[in-house]
Amino acid sequence: MSERQNAFTIKTNRLSDEVYNQLATHAKSRRLGDYISSLILRDLDDSSNGRKAVEDKKTYEMLKHIKNELADLKTLAKTTSFVGNHSFKEEETSKVPQLKEGKIADLENISGSLDDDDLEEYNDF
């Protein structure tokens, strides 16, 4: 980077009276450098905002595309009867085997016996 100049020359005969008066006012108050610096920083900020605006527009376009795709998928789902069709849920519940109550044996005479070997297995408790 080259060395900075101490001063810049502005050809005032090419400026409008309005612009010249504005610059003269700041020059008299010894704030012309600050004023020019703030204008340049604003321009730089505007250019970065311009890039941000382009990025925001791209994001908006992507969101719009996603929204359209989602709407198309919803339309497709409705035409293929997946949405709002309760028969699909009914089919799932009908696949679950239904348990039926069994008949309770009404035995008055219980027959059977236990061997001593069967009793030995439960003595460990």
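The rules we used
- Residues numbered from 1 in each chain as written.
- Predicted model: local features only at pLDDT ≥ 70, side-chain atom pairs only at ≥ 80, totals over all residues.
- Heavy atoms only, no water.
- Helix = DSSP H or I, 4+ residues; strand = E, 2+ residues; numbered from the N terminus.
- Buried < 20%, exposed > 50% of the residue type's maximum accessible area, 1.4 Å probe, protein only.
- Areas by Shrake-Rupley, 256 points an atom, 1.4 Å probe, with all protein chains shown as cover.
- Contact = heavy atoms within 4.5 Å.
- pLDDT = per-residue confidence, 0-100.
- Expected span 1.5 Å × (residues − 1).
- Patch = residues over 30% accessible without salt bridge, like charges linked within 9 Å, V, L, I, M, F, W, Y side chains within 5 Å.
- Salt bridge = Lys/Arg side-chain N within 4 Å of Asp/Glu carboxyl O.

### Digging into the overall build of the chain
Helix and strand content of the chain: 4 helices and 0 strands. Listing every helix and strand of the chain by position from the N terminus yields α-α-α-α. Across the 125 residues of the chain, 2% fall into the buried class. Carbon and sulfur atoms make up 53% of the accessible area of the chain, which amounts to about 13,100 Å² in all.

### Side note on the side chain of His-26
Inspection of the secondary structure puts His-26 in helix 1 (residues 17-28). Taking the relative accessible area as the measure of exposure, His-26 reaches 19% and is therefore buried. If we ignore the near neighbours within four places in the chain, the residues touching His-26 are Arg-31, Leu-32 and Tyr-35.

### Regarding the confidence of the model for the chain
On average, residues of the chain carry a pLDDT of 77, and 72% of them reach 70 or more. Put simply, helix 3 (residues 87-95) is where the chain has its lowest mean pLDDT, 57, and helix 1 is where it has its highest, 90.

### Points about helix 1
Helix length check: helix 1 (12 residues) gives 16 Å between terminal C-alpha atoms against 16 Å at 1.5 Å per residue, within 8%. One or two positions beyond helix 1, positive phi appears at Arg-30, with a value near 55°.

### Focus on a nonpolar patch on the surface
On the surface, Ile-40, Leu-41 and Leu-44 cluster together into a nonpolar patch covering about 300 Å² of accessible area. Inspection of the secondary structure assignment puts Leu-41 in helix 2 (residues 32-79). Leu-41 gets classed as exposed once you look at its relative accessible area, which sits at 52%.

### Describing unusual backbone geometry
Excluding glycine, most residues fall at negative phi; most peptide bonds, likewise, are trans. Despite not being glycine, Arg-30 has its phi angle at roughly 55°, a positive value. With respect to the helices and strands, the residue Arg-30 is situated in the loop between helix 1 and helix 2.

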